[in-house]
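The residues making up each chain are set out below.
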Amino acid sequence: KESENEHNELKNHSDQQLWAEFSNGSETAFAHIYSRFFSILFNYGTKIVSHRQLVSDCIQELFIEIWNNRFKIKQVEWLKTYLIKSLRRRIFKELKKEKNLSSSELEENYDFQIEVSHDIQMISKEDSTDRTEKLNLAMNKLTDRQREAIFLKFYERLSYEQLAGVMEISTKAGYKIMARAVEVLRKVY
């Protein structure tokens, strides 16, 4: 009964409150963090690499590492950003090993994929299908980094500062990537 009460109470906690509880050793808070972010992380990871099992394994390893280091990790300002960035690093590390690439080669040669949601197509079948095809064509004209920036900004609703943190670039570079992406989208679309 006590565990059920704790479980229900944690549902309404902010990310920072959950992290604080977890940092104090709460297994229930850890489970909430996992369940709150697993699908977000999986969705993001499968945009970097289509190998679903690799993404799932990387998420599992990430959470094992977080649990094992729970007393060492300081307070995290943006939990979602921290987890996405950590997963990105872990996936890139695995891809680097798998493809025998240097970090700089991998940063330039990953295949970040975004497909416009089928929900949008349901709005107005014919008109929307045409627009969706044009948008997908436009998205394919973007570089992988531009697609990743678009995804983080508009799908995951990260700030430019958070986006820059995930992509390990300066905030100014994040603005530049987005500006160039929007310029390409305008031209093509």
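Every value quoted in this text rests on a predicted model; they were computed, and no experiment measured them. (Residues numbered from 1 in each chain as written. Predicted model: local features only at pLDDT ≥ 70, side-chain atom pairs only at ≥ 80, totals over all residues. Heavy atoms only, no water.)

### A few points about the environment of E27
Next, step 1: With respect to the helices and strands, the residue E27 is situated in helix α3 (residues 27-48).
Next, step 2: According to the relative accessible area criterion, E27 is exposed, its value standing at 57%.
Next, step 3: Sequence separation of E27 and W67 is 40 residues, and the distance between their C-alpha atoms is 9.0 Å. (Helix = DSSP H or I, 4+ residues; strand = E, 2+ residues; numbered from the N terminus. Buried < 20%, exposed > 50% of the residue type's maximum accessible area, 1.4 Å probe, protein only.)

### Some details on the environment of Y160
Next, step 1: Mapped onto the elements, Y160 comes out in helix α10 (residues 160-167).
Next, step 2: Considering only alpha carbons, one finds Y160 and Y175, 15 residues apart in sequence, at a separation of 6.8 Å.
Next, step 3: With near-sequence residues (within four places) excluded, Y160 lies in contact with K153, T171, G174, Y175 and M178. (Contact = heavy atoms within 4.5 Å.)

### Comments concerning the packing of aromatic side chains
Next, step 1: Inspection of every chain in the model, using the stated rule, returns 12 aromatic pairs.
Next, step 2: When the centroid spacing of 4.9 Å and the interplanar angle of 75° are considered together, the rings of Y34 and F63 count as edge-to-face. Of this pair, Y34 sits in helix α3 while F63 sits in helix α4 (residues 52-68), and the two are 29 residues apart along the sequence.
Next, step 3: For Y34, a relative accessible area of 25% corresponds to the partly exposed category.
Next, step 4: With a relative accessible area of 4%, F63 lands in the buried category. (Phe/Tyr/Trp six-rings, centres within 6.5 Å; stacked < 30°, edge-to-face > 60°.)

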